[in-house]
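In case you want the letters, here they are:
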Amino acid sequence: MTVGRGLLDAQSARFASLDPMLPAMVEPPDGDVLTAALPDGTRVAGVLHRQVYERTSLHRLWSATEVWELTPLLGAAGGRGMDALLRSWRRTMDRVGGNEPDSSCVVTWPSRDTEATKAFLDHGMVPLSTIAIRRAVGEGAGGPPPTLRIRRATPKDLDAVLQLALAELHYSSLVGSTVARPEAVVLKRRTLGDRLASGSPTWLAERDGIAVALAECAVVASEPGNWTSTRLRHGRWGYVNCLSVLPGARGTGIGQQLMAFAHRELHRLGTVGTYLYYNPPNPLSSVFWPRQGYRPLWTVWEVRPAFALR
């Protein structure tokens, strides 16, 4: 879809005024075009994309199987424009008959746009996930205490890494968008095995020779034309995919020590900062990550099932 330059430029300017860390706007992906009009004649638009994930897709561990994702194009209309567009979306869902139980409606929107918050809540959406960032500034040398050993994970550590990843998956399924599906063990084992084999930056924290915490990370480039550039300013970023501490070791500072180590290592690899997803309803993550220097950039608003959109 080719969007009117005026609408896109106005939204870009608004985003820049809200948060200087937001990337420049790009044209939305292909999809069905929605439009709406405000009482004063202002028009807004959006692109609706439907995605159905296969049973063997890793995406189904943090997503509904059928996802209806909207990319709003509000120009400078703010909260009033979002409300009008969500009303149009509701009418569209009535027309297309989106009645799959394992489904969701999703919008990813700048966290600092508080004008839009009321519109999302009024239409039944909740902030299930946040994309948060941390700038790499003056990472100290430091190191873990003598009782804690932090080392790079290898393919031989797959069983320990899998155990820790599944512990995080189970907890997140209680407090966020993660779904504990029957295929989880097979999917996680395959994916983690591939990442360890490729040397993806993954660290284990050991106490008395036992792996008690995992930091599974990656290095991602945000550059013109790729998906990451729609969420992050251009540059080389560290991505924290999973931090997991075994239940019996939580609250002892191990997570903080492991992440301090991971931040230093990712900075050494030339990253400008790090980013991650966390769930605001998670009583651990919502406290832990801000203490490590992360702050929200984007909020993923969601309603499940899709036909619950109001």
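For the structure, see preceding data.
All values reported here derive from a predicted model rather than from experimental measurement.

**What to know about the side chain of Ser 222**
Thinking step 1. Following the sequence through the fold, Ser 222 ends up in strand E8 (residues 210-222).
Thinking step 2. Judged by relative accessible area, Ser 222 falls into the buried class, the value being 4%.
Thinking step 3. A polar contact is formed between the side chain of Ser 222 and the backbone oxygen of Leu 232, at a distance of 2.8 Å.
Thinking step 4. Leave out the neighbours within four places in its chain, and Ser 222 touches Thr 228, Ser 229, Leu 232, Arg 233, His 234, Gly 235 and Trp 237.

**Description of the pattern of salt bridges**
Thinking step 1. Taken as a whole, this structure holds 19 salt bridges when the rule is applied.
Thinking step 2. The partner of Asp 40 in a salt bridge is Arg 80, with the nearest N and O atoms 3.9 Å apart. Here Asp 40, found in the loop between strand E1 (32-37) and strand E2 (43-52), pairs with Arg 80, found in helix H2 (residues 78-96); they are 40 residues apart in sequence, far enough to count as distant.
Thinking step 3. Since its relative accessible area comes to 49%, Arg 80 is described here as partly exposed.
Thinking step 4. Between Asp 102 and Arg 181 there is a salt bridge; the shortest N-O distance is 3.1 Å. Here Asp 102 is found in the loop between H2 and strand E4 (103-110), whereas its partner Arg 181 is found in the loop between helix H4 (158-175) and helix H5 (184-197), with 79 residues between them in sequence.

Calculation notes
Residues numbered from 1 in each chain as written. Predicted model: local features only at pLDDT ≥ 70, side-chain atom pairs only at ≥ 80, totals over all residues. Heavy atoms only, no water. Helix = DSSP H or I, 4+ residues; strand = E, 2+ residues; numbered from the N terminus. Buried < 20%, exposed > 50% of the residue type's maximum accessible area, 1.4 Å probe, protein only. Polar contact = N/O pair within 3.5 Å; in protein donor to acceptor, adjacent residues only side chain to side chain. Contact = heavy atoms within 4.5 Å. Salt bridge = Lys/Arg side-chain N within 4 Å of Asp/Glu carboxyl O.

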